[in-house]
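Descriptive structure summary
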Amino acid sequence: MTYNFNFSVIWRQFDVMLWGLGLGLLLAVISLAIGTVIGLVCGYAFRTNNKTLRGLVWGYVEFIRNEPLLLLIFFVYFGLPAIGIRFFDKYESFVITLSIYAGAYLTEVFRAGLTSVPERYVEAAKAIGLKPWQTQLYVVLPLTFRIVLPSLSNNLISLFKDTSLATAIAIPELTFTARQINANTYRVMEAWLTASLLYLATCYLIAIALRQIEKRYSVIK
Amino acid sequence: MQRTYLGELMKAKWSLLQGFITTMEISAIVIVIGLIAGMIGGLLLVYGPKPVRLLMRLYVDVLRGIPVLVLILFSYYGLALLGVNISAYTAGVVALAGFCSAHMSETFRGAIDSIPVGQTEAAKAIGLTFQQRFIYVLLPQAARRIVPPAINTAVEMVKGTTLLSIIGVLDVLLATQQTIARNYMVIEFYATAMLFYFVLNFTLSRMGAYFERRFGFIRY
Amino acid sequence: MSANPAASATSESAEPARNLLVARDVHKSFGQTEVLKGIDLTVTEGEVVALIGASGSGKTTFLRCINLLEEFEQGSITVDGDPVGYTDRGGSRRRLSEGRLAAQRARIGMVFQSFNLFPHMTAAQNVMLGLVKVKGMAKAEARSLADHWLARVGLADRADHHPYQLSGGQQQRVAIARAVAMDPRLILFDEVTSALDPELVSEVLGVMKDLAKSGMTMLVVSHEMLFVRDVATHVVFLDSGRIVEEGEPHAVFKNPKSDRLRAFLGRFTDIIGDITAR
Ligand SMILES: Nc1ncnc2c1ncn2[C@@H]1O[C@H](COP(=O)(O)OP(=O)(O)OP(=O)(O)O)[C@@H](O)[C@H]1O
Ligand SMILES: [Mg+2]
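Numbers given to residues run from 1 along each chain, matching the order in which its sequence is written. Just so you know, chain letters begin at A and ligand numbers begin at 1, following the order they were written in. At least 70 in pLDDT is required for a residue's local features to be given in this predicted model, at least 80 for side-chain atom pairs to be given and counted, and no such filter applies to totals for whole chains, interfaces and linings, which use all residues. With hydrogens and water excluded, all non-hydrogen atoms of the structure serve as input to the side-chain values.

1. With respect to the pattern of salt bridges
Salt bridges, as used here, are contacts in which a Lys or Arg side-chain nitrogen is within 4 Å of a carboxyl oxygen on Asp or Glu. Across all of its chains, the model carries 24 salt bridges over all chains by this definition. With a closest N to O distance of 3.7 Å, Glu 71 of chain C and Arg 95 of chain C form a salt bridge. Note that Glu 71 of chain C is positioned in the loop between helix 2 (59-66) and strand 4 (74-79) and Arg 95 of chain C in strand 7 (residues 92-95), a separation of 24 residues in sequence. Throughout this description, buried means an accessible area under 20% of the type-specific maximum (1.4 Å probe, protein chains only), exposed means over 50%, and partly exposed covers the range between. Since its relative accessible area comes to 27%, Arg 95 of chain C is described here as partly exposed. Here the salt bridges share partners, and the residues they tie into one network are Arg 57, Asp 61, Arg 64, Glu 106, Arg 109 and Asp 113 of chain B. Only runs of H or I of at least four residues qualify as helices and only runs of E of at least two qualify as strands under DSSP, and these elements are numbered from the N terminus.

2. Topic: the interface of chain A and chain B
The figure often quoted for interface size is the accessible area lost as the parts come together. In this analysis, two residues are considered to be in contact whenever any of their non-hydrogen atoms come within 4.5 Å of each other. Taken residue by residue, the interface counts 38 residues in chain A and 37 residues in chain B. Accessible area that two parts lose when put together, with a 1.4 Å probe and added across both, is what the buried area reports. For the pair chain A and chain B, the summed buried area comes to about 3,300 Å², and 76% of that belongs to carbon and sulfur atoms. It is Asn 66, Leu 71 and Trp 192 of chain A that lose the most area in chain A upon contact with chain B, and together they represent 18% of the buried surface on that side. Counting the contacts that link chain A with chain B gives one salt bridge. With a shortest N-O distance of 3.6 Å, Glu 62 of chain A and Arg 206 of chain B are connected by a salt bridge. Counting residues per element, the side of chain A that touches chain B draws most heavily on helix 4 (residues 69-82) of chain A, at nine residues. Under the scheme applied here, ten amino acids are nonpolar (Ala, Val, Leu, Ile, Met, Phe, Trp, Tyr, Cys and Pro), four are charged (Asp, Glu, Lys and Arg), and all others, including Gly, are polar. A class-by-class count of the residues in the side of chain A that touches chain B yields 26 nonpolar, seven polar and five charged.

3. Side note on the pairing of strand 11 (residues 234-239) of chain C
All names here are of chain C. Judged by how many residues are buried, strand 11 sits mostly within the fold: six of six residues are covered. By the alternation rule, side chains of strand 11 split into His 234, Val 236 and Leu 238 and Val 235, Phe 237 and Asp 239, which are all buried. In terms of strand pairing, strand 3 (residues 48-53) meets strand 11 through five bridges, oriented parallel. Looking at the pairing, Leu 51 lines up with Val 236 of strand 11. Strand pairing follows a simple DSSP-based rule, namely that at least 2 bridges must link the two strands. From the end of strand 11 to the start of strand 12 (residues 242-247), which pair antiparallel, there are two residues, and Ser 240 there has a positive phi angle of about 45°.

4. Observations regarding the site of ligand 1
Residue and element names in this part refer to chain C. Nearness is judged by heavy atoms alone; a residue qualifies as near a molecule or strand once a single heavy atom is within 4 Å of it. Taken together, the residues surrounding ligand 1 are Phe 30, Val 35, Ala 54, Ser 55, Gly 56, Ser 57, Gly 58, Lys 59, Thr 60, Thr 61, Glu 191 and His 223. Interatomic distance of 2.6 Å between a side-chain N/O atom of Ser 55 and an oxygen atom of ligand 1. Gly 56 is positioned such that a nitrogen or oxygen atom in its backbone is 2.8 Å from an oxygen atom of ligand 1. Using a 1.4 Å probe, accessible areas were evaluated by the Shrake-Rupley method; residue-level cover was limited to the displayed protein chains. Expressed as a share of its isolated accessible area of 640 Å², the protein-covered part of ligand 1 is 56%. Of all the elements, helix 2 adds the most residues to the shell around ligand 1, at three residues. In the shell around ligand 1, the residues fall into three nonpolar, seven polar and two charged. Contacts described as polar in this section are N or O atom pairs within 3.5 Å, which, within protein, must combine one atom able to donate a hydrogen with one able to accept it, while residues neighboring in sequence count only if both atoms come from side chains.

The following block contains the structure:
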């Protein structure tokens with residue numbers, strides 16, 4: 001059995017695929033940004049003495065991390081409207097889901113990051129008279145971000161791969177377009193090879209780019 | 001007649017049970033294959049001859065750089081094209097197992113690499129063979145660094161089985177969706193599925209935490 | 001206590017030197033163990049007071065109490081007339097708000113054994129942070145002040161280096177510049193040369209000597225006995241949380257009254273010979 005490759009169909013629709021890729025990347029970046037805010041807030045909540053608050057955050061993290069993303073996507077997109085929680089469109093629904101999903105993982109990241117800022121820098125900040133919020137803003141947070149930068153890169157790559165699930169609610173990202181090409185042209189191998197290579201290359205490029213940023217900001221030797 | 005959750009649950013019980021069995025079965029197969037292949041892959045990544053090492057590295061990095069869903073769809077449509085008469089179930093298991101093996105290989109590699117060379121040298125010095133060194137010296141020490149990420153991967157694989165619903169494998173998620181299509185009790189049955197996945201994965205994670213504590217005494 | 005002659009030479013007025021630091025009966029415990037057992041100490045303007053004592057005698061703890069990094073249960077500390085850390089309202093002793101504590105800390109400089117420069121900032125940025133955020137100074141002004149102080153500690157050409165690009169001695173000098181630039185009433189030094197390689201110690205001590213000459217009021221914990229002898233105007237010997245002996249360094253080193261101090265000094269004379277010999 002032989003298979004004759006014919007990539008011309010792919011080239012004709014390559015721009016659609018690239019747009020799909022860009023869309024996935026955009027969804028991932030937005031979700032990472034919102035997830036970072038959630039992660040920071042929850043990370044700080046973990047540091048308070050409020051047991052109830054800590055319990056709530058713990059529940060959120062454990063619950064989300066143990067749920068399949070696809071189920072969460074369906075639950076938010078099909079389930080929540082049934083009880084009156086509606087979204088503007090499927091994009092909003094998806095971004096909210098992915099952000100909440102990312103937030104759970106990033107809560108862990110920031111919780112660990114915040115605790116790994118050495119206490120002596122906090123004391124040095126206090127000693128020059130910075131107020132507690134200033135100490136956090138100018139010393140603890142910048143150091144935390146530098147510490148968690150590698151984790152953030154990994155999370156961005158994971159989230160980007162996770163955007164492939166948006167195909168399940170017909171968001172035209174890369175996997176969706178590959179499926180369409182597959183269905184319309186039967187160029188099965190070409191469609192999936194191209195999609196795979198595009199994902200692979202993008203993940204690789206993100207990793208390289210972020211490694212550069214890490215190098216530039218890793219001032220704690 | 002008023003629909004009740006329990007009434008509908010009873011009606012759907014055989015379909016949901018079928019989904020439950022499928023999800024558990026696929027998870028178990030994939031994780032076991034992943035562990036065995038991962039152990040071999042990890043060893044090849046560290047001790048294999050250079051060409052094998054490079055090939056393994058390529059395999060591991062490629063599979064980890066592609067979304068699981070793409071692997072599943074690729075496997076599903078691609079294998080069918082090869083003329084292999086293959087079910088969605090098998091295609092899905094192949095993709096998930098391949099993905100799981102890649103992650104497990106990297107986990108084993110990291111764990112083996114983290115053991116100080118002095119340990120291997122000491123084991124050689126008392127005359128242990130390669131197998132003996134691996135079983136009695138390396139593996140026990142690596143366990144502490146294998147178990148937590150391996151459990152993480154296992155949880156990810158259980159979560160990943162839901163993607164097979166997209167190619168029509170009747171797992172818990174698809175069974176749930178079919179149930180919902182019949183009775184429109186969207187929230188109730190999605191919540192039921194969530195509870196199922198939570199209990200399963202939470203138990204897995206706790207096991208990980210338990211083993212982490214058990215092996216926590218090994219430090220270097 | 002005698003005022004630093006260098007200080008009185010520079011000060012214009014003839015009025016008697018102010019008491020900058022007054023500690024009265026300071027007690028501090030960690031759990032069950034009492035680490036400070038009633039410290040009384042007065043430091044007047046321009047003085048350089050050295051705090052010496054064996055490891056674990058409570059020197060660091062006392063400095064940290066002054067700078068409010070540590071809470072103390074009993075007694076009072078006033079800096080320039082301002083009771084530090086606590087208020088006495090209606091007879092009950094209450095910890096001040098974090099905002100008030102921050103304002104008080106801004107007037108007390110502190111230099112740490114481990115430098116604690118902010119690793120994500122350059123030397124100049126380290127110095128500027130407090131000037132801009134605490135004192136509300138404009139960035140340009142803060143920068144020129146930072147440059148001024150970095151030059152004073154001999155690091156004019158290192159202003160834009162990050163801490164990891166600097167040697168330990170250079171880092172510690174930046175830390176001193178960071179403290180001094182805030183124009184504090186008093187600076188606390190906690191074994192600032194202990195973490196340094198021996199060949200880097202003198203550059204830091206040199207900077208401190210300079211500061212002392214300029215009339216800065218300093219409370220210095222140090223094991224550098226020769227520095228203490230030459231620079232301190234007053235030396236205080238702490239033993240198990242109590243001040244056992246104090247006085248003019250030469251006199252104290254020459255005629256230690258307590259056995260504890262004699263034993264303590266003995267360990268140094270074994271290494272560097274007679275401390276009091278000029
Ligand atoms: N955070 C803490 N918790 C409990 N005990 C502490 C703490 N900090 C200090 N101590 C104890 O208080 C005592 C005094 O410590 P301190 O650091 O003030 O001594 P020191 O005179 O500075 O010693 P060194 O010369 O070693 O720096 C020691 O016995 C120490 O173990
Ligand atoms: Mg100390």
